[in-house]
Amino acid sequence: MDSTQALLLPRSDGVVPGVVDFRGGPASRVSTGRWSAAMFVLGVEIAERFAYHGVSANLISYLTGPLGESTAGAAAAINAWSGVATMLPLLVACVADAWLGRFRTIVLASILFVVSMGMLTLSSALPAFHSDGCGSFMSHSQNCTPSPVQVAIFYVSLYLVALAEAGHKPCAQAFGADQFDQGHREESVSRSSFFNWWYFGMCSGTAATTVISSYIQDNIGWGLGFGIPCLVMVFALAMFLLGTRRYRYYTSTQSSPFARLARAFVALLRGSKSSDDAEFSAEHREEVSGLLRLFPIWATCIIYAVIFSQSSTFFTKQAGTLDRRIGATFQVPPAALQTFISLTIMTFIPVYDRLFVPAARRFTRMSSGITMLQRIGTGLVLAMVAMAVAAIVEAKRLGVARNAGLVDQPKVALPMSLWWMVPQYVLFGLSDVFAMIGLQEFFYDQVPDALRSIGLAFFLSIFGVGHFLSSFLISAIDGATKKSGESWFANNLNRAHLDYFYWLLAGLCAVELVAFLIVSRVYVYKKRVSHHDNNVAVM
């Protein structure tokens, strides 16, 4: 039986309609999918987070250290790179849905991760790529002069990582969610929980690499710091392939997303009612309309994405100026403070899933406790509060620098503990539990079924645009404030004014929140199959 015939089978407890097994035959509900399959996908996602954040978490230290870039220039470069990494999924997801399929795309993206991470390791470690020959796997000197070859190979490798991320990000999550049948009551509830535990797994990988890789990069060597995530990705790819027999593979007898969307857009513009369009227009116009109606929600989350990008850039530079000692000799790497975001998420997700949702369910009678848009809105509020707290802490840091007479000694640690910065990281983590996971589920759930990879890519594009906008804001404000005195992003952070920038972002987030509340009140959710259990609706 081929995959097309499998699509036509009626729903039953024995066979899952709409999906096939690895041989292309009907997928058994008992032997395929569910958590036993989703765990393999979750495993490769944890490794991918370990690899990606092994590069991104401490990237500003590498750019301003071994590569010798300015603080503002490095932050803008990181935001531009992050923007590419989160915009490319729109294109790659279309290719995956149209031709490659999600499984093959994940495999190819994982291989590209291994290759690009290997190139990063070589560019940072081999003496041949350094003009003064100081590179080695154990070198962490900040005084090594980069050669043009090293810089070129580094940036080529970095953007290959972005391409690998673009293939992995939307397809892995969609493929994992595909392991649960939304038309089956128990599996539908499990799928909603899947998005929470998916983010839990992502954050566990992020937390591990933020601590391990940043310490190795700062204290042992950049080559080893980039090399370990590469090896982790090799192991994860092997584990992912072991689950091949257990996966459910989503199939479609429809034309490719490119063809459907393009033709539907033309039909919408023409407004044709002819018989030639009758067969096509109803379903495909609905697909385009389904994407277009998500745009207001998408647009009113951009500033949240701008805020999101600050934790791996300016927050890390700020932490580098503080007293980071624990005990007599150990110093916490500045980038390791990002671990508090992941730890907060990992701590609060079980609380949200096991305590908050059941409590809210008693009042709302919804299986998810609150709606997806309510969850996202709560995250936006927390993001705004986080930036306000960050601005207050930064003003405190600048005051300490003035009072200690260390304004012109940026390399001397200020008499201010790193623990002052922990609250803003914790608030970032809480914001992610609500907004980030809510957005993932929203853009997976509310797009037409055949466009789910594109839906998650559409979600990621929020952060792509946010990173680009952050890069633009930094460059524009840096240029404008330099003309009137000291830049808000001066290399000497004791003379900079990151607090002004944070207040600006908090204000923009407040405006965005008002707009979000307006558009969310008029949004109509996509109709879904309802299941009732003890008067609780799965919607």
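Residues numbered from 1 in each chain as written. Predicted model: local features only at pLDDT ≥ 70, side-chain atom pairs only at ≥ 80, totals over all residues. Heavy atoms only, no water.

Peer 1: I tried to follow unusual backbone geometry on my own but got confused; where do I start?
Peer 2: Positive phi, close to 65°, is recorded for R34, a residue that is not glycine. With respect to the element layout, R34 can be found in helix α2 (residues 34-56). Residue classification places R34 among the partly exposed positions, given a relative accessible area of 34%. Residue R365 is not a glycine yet carries a positive backbone phi of 60°. With respect to the helices and strands, the residue R365 is situated in the loop between α15 (339-364) and α16 (372-403). (Helix = DSSP H or I, 4+ residues; strand = E, 2+ residues; numbered from the N terminus. Buried < 20%, exposed > 50% of the residue type's maximum accessible area, 1.4 Å probe, protein only.)

Peer 1: Would you take a moment to explain the state of the cysteines for this structure?
Peer 2: In a disulfide, the sulfur atoms of two cysteines are held together by a covalent bond. Tallied over the entire structure, the rule returns zero disulfides. You can see C301 has no disulfide; the closest cysteine sulfur is in C509, sitting 9.4 Å from it. (Disulfide = S-S within 2.5 Å.)

Peer 1: Honestly, a nonpolar patch on the surface in this entry has me stumped. Any pointers?
Peer 2: Residues W99, L100, L108, I111 and V115 make up a contiguous nonpolar surface patch of about 490 Å² in total accessible area. Elements that contribute at least two residues to the nonpolar patch include exactly α5 (89-100) and α6 (102-125). A total of three residues in the nonpolar patch trace back to one element, the largest contributor, which is α6. By the secondary structure assignment, V115 is in helix α6. Among the residues examined, V115 registers a relative accessible area of 43% and is labelled partly exposed. (Patch = residues over 30% accessible without salt bridge, like charges linked within 9 Å, V, L, I, M, F, W, Y side chains within 5 Å. Areas by Shrake-Rupley, 256 points an atom, 1.4 Å probe, with all protein chains shown as cover. Salt bridge = Lys/Arg side-chain N within 4 Å of Asp/Glu carboxyl O.)

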